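What follows is the residue order along each chain.
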Amino acid sequence: MTFCVLAGCTIALLQLRRLPAVALPKIELPNFQAMVAPKPSPKPAPVIDSKLIVDLSDRKVRLYENRKLKATYRIAIGQEGWETPTGTFKVQQMYENPAWLHPITGEKIPPGSKDNPLGKRWIGFTSQDKLLIGFHGTTDYSLIGQAVSHGCLRMRNADVIALYKEVQVGTPVIVKH
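What counts as what
- Residues numbered from 1 in each chain as written.
- Predicted model: local features only at pLDDT ≥ 70, side-chain atom pairs only at ≥ 80, totals over all residues.
- Heavy atoms only, no water.
- Helix = DSSP H or I, 4+ residues; strand = E, 2+ residues; numbered from the N terminus.
- Buried < 20%, exposed > 50% of the residue type's maximum accessible area, 1.4 Å probe, protein only.
- Contact = heavy atoms within 4.5 Å.
- Lys, Arg positive; Asp, Glu negative; His and termini not counted.
- Salt bridge = Lys/Arg side-chain N within 4 Å of Asp/Glu carboxyl O.
- Pairing = 2+ DSSP bridges.
- Axes fitted to C-alpha atoms, helices over the stretch in contact; angles between N-to-C directions.
- 1 Å grid on protein atoms, 1.4 Å probe; cavity = no way out; pocket = protein on both sides within 12 Å on 5 of 7 lines; lining within 4 Å.
- Points joined across faces, edges and corners; volume = space filled by probe spheres on them.
- Nonpolar A, V, L, I, M, F, W, Y, C, P; charged D, E, K, R; others polar.

(A) Summary view of the side chain of Thr-126. Secondary-structure assignment places Thr-126 in strand 11 (residues 121–128). Using a relative accessible area of 14% as the deciding quantity, one classes Thr-126 as buried. The contacts of Thr-126, once residues within four sequence positions are left out, are Pro-85, Phe-89, Gln-92, Leu-131, Leu-132 and Ile-133.

In structure tokens, the structure reads:
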């Protein structure tokens, strides 16, 4: 067979002949598919079925995970005229170092202020009119176990920080007498 090949300005005639078979060395090519294929995702973390049950009669909140009691915390509850609402709710808000809006005067107290009664964390689960209700910290531990709040559930700062780490928006909150 004769072929004419044009390369640049030169014309060359090539004569192709059948050559004897020659053993070529085996060349290992990299596995390009493995190099560009995504790594499998890690197995998803197991779903933790958490819920909070607040018992106003003994002034405690209990954290359950997968139907097992994980922790119990003492709380302060709403005072007469500002009772903590009962029912089934879900965590709606979570804030670290929250500011506080006084429910009567409307005064805004900044985060970290010694006058801010919300402490280190806010876990909101319902509202009544314009009043938000939730768990929050306090530095006045002498009030824990009493009916002194405007409907919220006060906790020691260390306790509300620990609880904050265990719940998320959507966690059920059951408040009962």
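(B) Layout of the side chain of Arg-121. As for its placement among the helices and strands, Arg-121 is situated in strand 11. Although buried, Arg-121 forms no salt bridge, and the nearest oppositely charged side chain, Glu-96, lies 4.2 Å from it.

(C) The sheet that holds strand 5 (residues 68–74), seen in detail. Taking strand neighbours across the sheet as the criterion, the 5 strands line up as 5-4-3-15-7 in an open arrangement whose pairing is mixed. The open sheet has two edge strands with one neighbour each: strand 5 and strand 7 (87–90). Strand-to-strand, the axes of this sheet are offset by a mean angle of 20°, without reference to chain direction. Here strand 3 (residues 50–55) pairs with strand 4 (residues 60–65) via 6 bridges, running antiparallel. Paired with Val-54 across the strands is Val-61, a residue of strand 4.

(D) Representation of the pairing of strand 5 in the model. Here 6 bridges tie strand 4 to strand 5, and the two strands are oriented antiparallel to one another. Within strand 5, the position partnered with Glu-65 by the bridge is Lys-68. Where strand 4 folds back onto strand 5 in an antiparallel hairpin, the turn is made up of 2 residues, including Asn-66, whose phi is positive at roughly 50°.

(E) Local environment of the layout of surface pockets. Of the volumes computed, that of the largest pocket is approximately 510 Å³. Elements with a contribution of two residues or more to the lining of the largest pocket: strand 8 (93–96), strand 9 (100–101) and strand 12 (131–138). Top contributing element to the lining of the largest pocket by residue count: strand 12, with 3 residues. Split into classes, the residues belonging to the lining of the largest pocket amount to 12 nonpolar, 5 polar and 2 charged.

(F) Spotlight on the pairing of strand 11. Burial within strand 11 is extensive, with 6 of its 8 residues counted as buried. When strand 8 meets strand 11, the two strands line up antiparallel, connected through 4 bridges. For Glu-96, the partnering residue across the bridge sits in strand 11 and is Arg-121. In the sheet, strand 11 pairs with strand 12 via 6 bridges, with the strands oriented antiparallel. Among the inter-strand pairings, Ser-127 is bridged to a residue of strand 12, identified as Leu-132.

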